[in-house]
Amino acid sequence: MRTYVITGGTDGIGRGLGLHWLGRGDRVIAIASGAEKGAAFLSEATRLGAADRAHFLRADLGTRAGTNRVLTEVPTLTDTVDGLVFGAQHFRPERVETVDGFESTFALAYLSRYILGHGLVPLLEAAPAPVIMNIAGPGGLPGTIAWDDLQLRADYRGMRAAMQASRCIDLLGIHFPQRHPGARTRYVLYNPMFTRTSMADSLPTVQRLVSKAAAVLFAQSVAKAIVPVVELVDIPPYAPVSAFRRRTPIPLTGKDFDPDAARRLDAVTAALLAETTA
């Protein structure tokens, strides 16, 4: 029996992965902020006969307190983590600032991954073939990091925030082996491409209707989207860090995967977190 921790584990691809692993006999710790979807996930786990192997941690990963709570509670449920899957994200058309003073997309999509990925290394390293599966957008739509305004106070646009977070996630993966030299944990940056999930629910009415109509015509189902993810988690790549667009490997070259930029972002992030702790 393997143990998987999944952020965004009660919806979309995260939920699909969790139910798949429960169905084959593994243990799943699903993390999300919504109580209703959490209860639905546990109800489905019971239907599968996996009630004793399914856990739901309700936490707001857009906040330091919520993320730190996960770091505290996961070790009370398991001694090892075979796979840590990052799937939590939320598109915001308008800028929202968290209680910690961070722009919400930056906090949820990037900072929570930074904190949990580094914080759960001891449990990952206790597993036979540990892997971090970071579901984001490598090799997808272009985006840049606003180094002088990471919180996008001067020029916020929802897509700009989402693409900046995606580029930050790329650099987070690139720097992971440098932060943890000699670690056996493999880091996978994964782009599932267009998938039918609830991501469009937060869009303005017109965009939401267009997105959902396009999803019906062109997007893959969650059941189909999780297949390559399961394959990569079951048998992690040999390289310490790798990136995929579905099953297609993405070369770790160019500015999106620049090691110098990764070191810079790691240092900036550590300083930001130190400031909020203080």
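Since this is a predicted model, take the numbers as computed values, not measurements.

S.K.: Now, about the sheet that holds strand β2 (residues 27-32): what can you tell me, with residues and values included?
M.R.: One open sheet accounts for eight strands, arranged β3-β2-β1-β4-β5-β6-β7-β8; its pairing is mixed. Sheet topology places β3 (54-58) and β8 (248-249) at the edges, where each strand pairs with a single neighbour. Pairing geometry for β2 and β3, over five bridges, is parallel. Bridge pairing in β3 places Ile 31 opposite Leu 57.

S.K.: Tell me about the packing of aromatic side chains, and name the residues and values.
M.R.: Tallied over the entire structure, the rule returns five aromatic pairs. When the ring of Phe 106 is compared with that of Tyr 110, the centres are 5.3 Å apart and the planes differ by 55 degrees; the resulting orientation is tilted. Here Tyr 110 and Phe 106 lie together in helix α4 (residues 104-119), a separation of four residues that amounts to about one turn. In terms of burial, Phe 106 and Tyr 110 fall into one category: buried. Each member of the aromatic cluster is reached from another via a ring pair, and the members are Phe 102, Phe 106, Tyr 110 and Tyr 114. We note Arg 186 situated over the ring of Tyr 238; from NZ or CZ to the ring centre the distance is 5.9 Å. The positively charged end of Arg 264 is found above the aromatic ring belonging to Trp 147, 4.1 Å away from the centroid.

S.K.: Mind laying out the nonpolar core, listing which residues take part and the relevant values?
M.R.: Counting 46 residues, the largest nonpolar core has Leu 61, Val 74, Leu 84, Phe 106, Tyr 110 and Tyr 187 as the members making the most contacts within it. Tallying contributions element by element places α4 first for this core, with eight residues. Apart from the residues lying within four places of it in its own chain, the contact partners of Leu 84 are Val 5, Leu 116, Gly 117, Leu 120, Leu 124, Val 131, Ile 132 and Met 133. Counting 27 residues, the second largest nonpolar core, distinct from the first, contains Leu 19, Met 133, Val 188 and Val 233.

S.K.: Just give me the short version of the packing of helix α3 (residues 64-77) against α4, but keep the residues and values in it.
M.R.: The N-to-C vectors of α3 and α4 enclose an angle of 20 degrees; their axes lie 10 Å apart at closest approach. By the angle class used here, α3 and α4 are roughly parallel. Taken as a pair, α3 and α4 cross one another with a handedness that is right-handed. Contacts between α3 and α4 involve Arg 64, Thr 67, Asn 68, Val 70 and Leu 71 from the former and Ser 112, Ile 115, Leu 116 and Gly 119 from the latter. Counted by class, the contact of α3 with α4 contains four nonpolar, four polar and one charged residues.

S.K.: Hey, could you go over helix α6 (residues 158-179) for me, with residue numbers and the actual values?
M.R.: Across its 22 residues, α6 extends 30 Å between first and last C-alpha, which sits within 8% of the 32 Å expected from 1.5 Å per residue. The largest bend along α6 reaches roughly 25 degrees and is located at Gly 173, with the proline Pro 177 sitting one to four residues downstream. For α6, the tally of buried residues reaches 17 of 22 residues, placing the bulk of the element in the interior.

S.K.: An account of empty space enclosed by the protein is needed here, citing residue identities and associated values.
M.R.: Counted under the stated rule, the structure contains two cavities of 30 Å³ or more. In this structure, the largest cavity occupies an estimated 40 Å³ of space. In terms of lining, the largest cavity is formed by Leu 61, Gly 62, Thr 63, Arg 64, Thr 67, Asp 100, Phe 102, Ala 107, Leu 111, Ser 112 and Ile 115. Among the elements that take part in the lining of the largest cavity, α4 stands out by supplying four residues, more than any other. By residue class, the composition of the lining of the largest cavity is five nonpolar, four polar and two charged. Within this model, the second largest cavity holds a volume of roughly 30 Å³. Every residue lining the second largest cavity is listed: Tyr 110, His 118, Leu 171, Leu 172, His 175, Ala 262 and Asp 266. Put simply, the parts of the chain that give the lining of the second largest cavity at least two residues each are α4, α6 and α9 (259-277). For the lining of the second largest cavity, the element with the highest residue contribution is α6, accounting for three residues. Residue classes in the lining of the second largest cavity are distributed as four nonpolar, two polar and one charged.

Reading guide: rules and limits
- Residues numbered from 1 in each chain as written.
- Predicted model: local features only at pLDDT ≥ 70, side-chain atom pairs only at ≥ 80, totals over all residues.
- Heavy atoms only, no water.
- Pairing = 2+ DSSP bridges.
- Helix = DSSP H or I, 4+ residues; strand = E, 2+ residues; numbered from the N terminus.
- Phe/Tyr/Trp six-rings, centres within 6.5 Å; stacked < 30°, edge-to-face > 60°.
- Buried < 20%, exposed > 50% of the residue type's maximum accessible area, 1.4 Å probe, protein only.
- Lys NZ or Arg CZ within 6 Å of the ring centre and 35° of its normal.
- Core = buried A, V, L, I, M, F, W, Y, C linked by side-chain atoms within 4.5 Å.
- Contact = heavy atoms within 4.5 Å.
- Axes fitted to C-alpha atoms, helices over the stretch in contact; angles between N-to-C directions.
- Parallel < 35°, antiparallel > 145°, perpendicular 65-115°, else oblique.
- Left-handed = near helix turned anticlockwise from the far one by under 90°.
- Nonpolar A, V, L, I, M, F, W, Y, C, P; charged D, E, K, R; others polar.
- Expected span 1.5 Å × (residues − 1).
- Bend = angle between axes of the 7 residues up to and from the residue.
- 1 Å grid on protein atoms, 1.4 Å probe; cavity = no way out; pocket = protein on both sides within 12 Å on 5 of 7 lines; lining within 4 Å.
- Points joined across faces, edges and corners; volume = space filled by probe spheres on them.

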